[in-house]
Each structure stands twice: as structure tokens, then as C-alpha cells.
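Geometric and topological summary
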Amino acid sequence: MSRKIIIAFSGFKQSGKTTSVELLENILTGDFKYGSQIGSVTTESFADPIKRIVEDIFGVKEIDIEDKEALISSTKKFFKNAMSYRDMCIAVGDGMKSSLRCPNLWCNAIERHIRSKFAEKNPLDKVFIVPDVRYGAELHMLERMRKAGYEVYHVCVFRKDALPDWVHTGLNICDKDERTIILDNFKTTRSEYEWCAANPKFSACLTNDGSVYELEDQIRSKIVEKIWK
């Protein structure tokens with residue numbers, strides 16, 4: 001019987017989440033050791049549906065924008081002032097949730113995609129990677145999937161030079177003061193820290209010091225080899 005596995009990533013901005021996901025994909029799809037066990041690997045972020053809308057309506061592709069914060073002059077035809085790619089995505093994402101009165105809109109979309117993918121007939125394991133778990137609602141979605149019988153592994157990625165003390169005490173954040181320290185130290189936005197407030201329990205923690213080879217070794221030992229023993 002095939003296993004249905006969700007591997008989700010959290011972490012602060014520029015911690016190495018994207019690189020970690022790419023390395024994980026390469027291991028699962030390129031290593032013959034796992035080829036006989038894994039039938040499909042799908043990666044989709046909570047922001048992907050929003051990015052597709054932005055591309056379709058405004059003709060702006062993420063792949064073409066090097067600096068997500070830079071203002072895009074071509075958007076002036078839609079708005080009084082130019083907006084950055086990131087601002088456009090936030091406006092679309094938050095605007096649709098608000099106008100439709102559905103705060104879990106994008107969580108529900110990804111949950112539907114996961115269930116649809118896992119419903120496909122395949123005797124081998126199916127893997128769904130979620131690279132950007134940020135909000136409390138997204139953590140609740142993962143918990144729903146776990147209760148539904150899927151295997152859920154939640155991984156957090158940190159830069160080695162910015163490793164909070166609480167990582168060493170069970171991989172979950174128990175103290176409200178600790179979360180305040182996070183905000184003060186990282187000067188980050190709500191979308192980057194709300195997962196902290198939900199007090200998640202992580203399956204693994206990766207510490208990124210900038211070495212791709214060391215990060216890949218951690219992904220193999222802490223994630224892949226634990227799931228496929």
C-alpha cells in the first residue's frame with residue numbers, strides 16, 4: 001500500500017527554505033535508492049495560486065522579477081502607483097480572502113490539491129512538498145491532514161548564525177517572551193513569524209551555514225532517511 005507523505009517547511013526570510021526544497025526534490029527524484037519506492041513528488045506553495053492569478057491578470061511572472069520588493073512600472077496601467085511583485089501578491093491574496101469572507105481560502109485550495117494528488121492510483125509512495133508554511137491557519141491545515149491519516153513532517157530551517165535558543169529545547173516555542181525576542185531580533189513581518197505564535201512541534205530542524213553540501217547531508221539524514229528507513 002502506498003504511503004501519502006506531506007513534507008512542509010517553515011523558516012524566516014532568507015533562511016534557506018527554497019534551497020532546502022530544491023535539494024529534497026533532487027534527492028527524491030534523482031536518487032535510484034528511492035526510485036523504487038516513490039511514485040510522484042509534487043511541490044506547491046500556498047502562494048502559487050496567487051502567483052498564477054498575478055501572472056494571468058497583470059502579465060507579471062515571478063521568474064522575471066529579481067527583486068520582489070522593487071516597483072514594477074508596467075503595473076501603472078492597473079494602479080495609480082507602481083507596485084512591487086510582493087505587494088501585488090499580498091493585495092490579491094488578502095483581497096480575495098476578505099471579499100469572499102474566507103480566511104482559509106488559500107489553505108483550502110492547497111488542501112484540495114493535496115487530496116486530489118493523493119487520490120490518484122499509484123502503488124508507490126506519493127510525496128507533496130509545501131515550502132512556505134507561515135500562518136496559523138496553514139499549520140491547522142497540516143494538523144487536519146495528519147488526523148485524516150496522512151504522514152505529515154514539518155521541518156524548520158534556520159541560518160546557523162541566527163539560531164534561537166528554543167531550538168535546543170524540544171523544537172517548539174513554549175514562551176511568549178521567546179516569540180517577542182524573535183520579533184525584536186529578526187525585524188520580520190507577520191507573514192514570516194506567525195507560525196511561531198502557533199507553537200508548532202517540528203519533525204526536524206535544519207541549520208544552514210551557507211554550505212549546500214552540508215545542508216544536503218542534513219536533509220538526507222534528518223528527513224529522507226528517517227521517512228524511508
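Predicted model only: the values in this text are computed from it and were never measured. (Residues numbered from 1 in each chain as written. Predicted model: local features only at pLDDT ≥ 70, side-chain atom pairs only at ≥ 80, totals over all residues. Heavy atoms only, no water.)

1. Re the confidence of the model for the protein chain
- Here the protein chain shows a mean pLDDT of 85. Residues at 70 or above account for 83%.
- When mean pLDDT is taken per element in the protein chain, strand β5 (residues 125-130) scores highest with 97 and helix α7 (residues 176-186) scores lowest with 55. (pLDDT = per-residue confidence, 0-100. Helix = DSSP H or I, 4+ residues; strand = E, 2+ residues; numbered from the N terminus.)

2. Let's talk about the nonpolar core
- Core analysis: the biggest nonpolar cluster contains 22 residues, and I7, F9, I219 and W228 have the highest contact counts within it.
- Taken together, the elements giving at least two residues each to this core come down to β1 (4-11), α1 (17-30), β5, β6 (151-159), β7 (204-208) and α9 (212-227).
- Leave out the neighbours within four places in its chain, and I219 touches S20, L23, L24, I27, L206 and V224.
- By size, the runner-up hydrophobic cluster in this structure holds 16 residues, among which are A8, C107, L139 and V152. (Core = buried A, V, L, I, M, F, W, Y, C linked by side-chain atoms within 4.5 Å. Buried < 20%, exposed > 50% of the residue type's maximum accessible area, 1.4 Å probe, protein only. Contact = heavy atoms within 4.5 Å.)

3. Regarding the packing of helix α3 (residues 48-58) against helix α4 (residues 85-99)
- One can describe the packing of α3 onto α4 by two numbers: an axis separation of 9 Å at closest approach and a directional angle of 110 degrees. Viewed along their axes, α3 and α4 adopt a mutual orientation that is roughly perpendicular. Each of I50, K51, I53, V54 and F58 in α3 lies in contact with α4, whose residues at this interface are Y85, M88, C89, V92, G93 and M96.
- Tallied by class, residues from the contact of α3 with α4 come to 9 nonpolar, 1 polar and 1 charged. (Axes fitted to C-alpha atoms, helices over the stretch in contact; angles between N-to-C directions. Parallel < 35°, antiparallel > 145°, perpendicular 65-115°, else oblique. Nonpolar A, V, L, I, M, F, W, Y, C, P; charged D, E, K, R; others polar.)

4. Observations regarding the environment of S2
- For S2, the position within the fold is in the segment before β1.
- For S2, a relative accessible area of 12% gives the class buried.
- The spacing of S2 and L124 is 122 residues in sequence and 4.9 Å in space, taken between C-alpha atoms.
- Look past the residues within four positions of S2 in its chain and what remains in contact with it is N122, P123, L124, D125 and K126.
- In this structure the side chain of S2 is engaged in a polar contact, spanning 3.4 Å, whose partner is the backbone oxygen of N122.
- Looking at S2, its side chain comes within polar contact range of the side chain of K126, at 3.5 Å. (Polar contact = N/O pair within 3.5 Å; in protein donor to acceptor, adjacent residues only side chain to side chain.)

5. Quick word on the pairing of β5
- Among the 6 residues of β5, 6 are classified as buried, and the element is accordingly described as predominantly covered.
- Of the strand pairs in this sheet, β1 and β5 are connected by 5 bridges, and their pairing is parallel. What sits directly across from I7, in β5, is I129. (Pairing = 2+ DSSP bridges.)

6. Focus: the sheet that holds β6
- The 5 strands are arranged β2-β5-β1-β6-β7 in an open sheet whose pairing can be described as parallel. Each end of this open sheet is capped by a strand with a single partner; those strands are β2 (38-43) and β7. On average, each strand axis in the sheet is inclined to that of its neighbour by 20 degrees, with strand direction left out of account.
- Direction of pairing for β6 relative to β7: parallel, over a ladder of 5 bridges. Along β7, the bridge assignment pairs V155 with A204.
- In the packing of helix α5 (residues 105-118) onto the sheet, the strands contacted are β1, β2 and β5, and the crossing angle to β5 comes to about 165 degrees.
- Strand contacts of α9: β1, β6 and β7, with the helix running at about 170 degrees to β7, the strand carrying the most contacts.

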